[in-house]
Amino acid sequence: MADRLYRAPEAGALRIEPLGDLTAIFDRRSMQTHLVVAPMPEIIAAMGDTPCDAGALAERLAAMFDLGDAGGDDVAAVLRERLAELAALGLVAPA
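As the structure is a prediction and not an experimental result, all values here were calculated from the model. (Residues numbered from 1 in each chain as written. Predicted model: local features only at pLDDT ≥ 70, side-chain atom pairs only at ≥ 80, totals over all residues. Heavy atoms only, no water.)

A. Representation of the overall build of the chain in the model. Of regular secondary structure, the chain possesses three helices and five strands. Starting at the N terminus, the α and β elements of the chain follow one another as β-β-β-β-α-α-α-β. Taking 12 Å as the expected radius of gyration for a compact globule of 95 residues, we find that the chain reaches 13 Å, a close match to that expectation. Projected onto the principal axes, the alpha-carbon positions of the chain cover approximately 35 × 30 × 20 Å. Expressed as a percentage of its 95 residues, the buried residues of the chain come to 32%. Expressed as a percentage of contacts within the chain between residues at least 6 apart in sequence, the contacts between residues at least 24 apart total 48%. Taken together, the 8 basic and 15 acidic charged side chains of the chain have centroids lying 10 Å from each other. (Helix = DSSP H or I, 4+ residues; strand = E, 2+ residues; numbered from the N terminus. Rg over C-alpha atoms; globule rule 2.2 N^0.38 Å. Buried < 20%, exposed > 50% of the residue type's maximum accessible area, 1.4 Å probe, protein only. Contact = heavy atoms within 4.5 Å. Lys, Arg positive; Asp, Glu negative; His and termini not counted. Charge placed at Lys NZ, Arg CZ, Asp CG, Glu CD.)

Structure representation (structure tokens):
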């Protein structure tokens, strides 16, 4: 079964402000503020303008960060969970 594709909101829809270990994400569409921890803001930033699945997102994040010896399947599995959490918050949407 293929991974679900997700898309990030359009540019300017979210205001992301680091607050030490936490990050505040203000969603201008819903007028809600979410407090999250890494890697949530990094995931949203890595999504870019094109819909992506967990595998493609793992590749993008690997190019941006040193993911060490973590296997691609392990990273993709974690990203599937994080993408579902972001979708439940309304910060990303299924494509």
